[in-house]
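# Coordinate inspection notes
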Amino acid sequence: MLPLLLASSSVYRRELLSRLHLPFICRSPDIDESHAANESATDLVKRLAKQKAHALAASHPGHLIIGSDQVATLEGRVIGKPHTFENAREQLLAASGKRVSFLTGLALLNSETGHCQVDCVPFTVHMRELDAARIERYLQIEQPYDCAGSFKAEGLGVSLFQSTEGPDATSLVGLPLIRLVDMLLSEGVQIP
């Protein structure tokens, strides 16, 4: 098996990938993550996932390189990481009682052959009706300022959900493991 490289500095993606019990290393790709004019959210995450994987190909020949990128959308517009309490409060107030869609781009590049598999895995969260006091209590406890959508689905953020729908719950955290396993199997990786 070729060595596995996760092209990410995300602790969430690292934790998810470790569930597969495969040895891997992490490196942070240096790419421009700007949204191109007239680019759909799906095209954006697929392009960025692929660019992240390709950004490390020259420095890591003979590797299977995983790139991933995620955006959240609310009523058709992309919402990013809030970075601050105020932005997170505004995002959650806007999402109250609505659907937040997450699109996670995934790429697996074989840097030896140049073969690259790319996909986008959707996941939807139906939010509960949230009042300002509940949102503020949540934000003070979990401080999800580095998370798209302003919540941590793997933590207390799940208490803000009414329901979820999608093919792979791990895509909500940022690395769709079910689709990744498909890609790895097609490269000859044995799991488990």
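Described below are features of the structure shown in this document. All figures in this text were calculated on a predicted structure; none of them were measured in a lab.

Each value, and the rule that gives it
Residues numbered from 1 in each chain as written. Predicted model: local features only at pLDDT ≥ 70, side-chain atom pairs only at ≥ 80, totals over all residues. Heavy atoms only, no water. Phe/Tyr/Trp six-rings, centres within 6.5 Å; stacked < 30°, edge-to-face > 60°. Helix = DSSP H or I, 4+ residues; strand = E, 2+ residues; numbered from the N terminus. Buried < 20%, exposed > 50% of the residue type's maximum accessible area, 1.4 Å probe, protein only. Core = buried A, V, L, I, M, F, W, Y, C linked by side-chain atoms within 4.5 Å. Contact = heavy atoms within 4.5 Å.

## Observations regarding the packing of aromatic side chains
- Here the structure, examined in full by the defined rule, presents two aromatic pairs.
- Between Phe102 and Phe151, the ring centres sit 5.6 Å apart and the planes meet at 70°, which makes this aromatic pair edge-to-face. Of this pair, Phe102 sits in strand 5 (residues 99-110) while Phe151 sits in the loop between helix 4 (132-142) and strand 7 (161-165), and the two are 49 residues apart along the sequence.
- Between Phe151 and Phe161, the aromatic rings sit 4.9 Å apart at their centres with planes inclined by 75°, giving edge-to-face as the arrangement. Here Phe151 is found in the loop between helix 4 and strand 7, whereas its partner Phe161 is found in strand 7, with 10 residues between them in sequence.
- Residue Phe151 is classed as buried on the basis of its relative accessible area, which comes to 4%.
- Counting every residue linked through ring pairs, the aromatic cluster contains Phe102, Phe151 and Phe161.

## A short note on the nonpolar core
- Membership of the largest hydrophobic core comes to 22 residues, with the highest contact counts inside it found for Met127 and Phe151.
- Discounting residues that sit within four places of it in the chain, Phe151 has contacts with Leu92, Phe102, Val125, Met127, Tyr138, Pro144, Gly157, Leu160, Phe161 and Leu172.
- Leu4, Leu20, Leu22 and Leu177 belong to the second largest nonpolar core, which has 19 residues in total.

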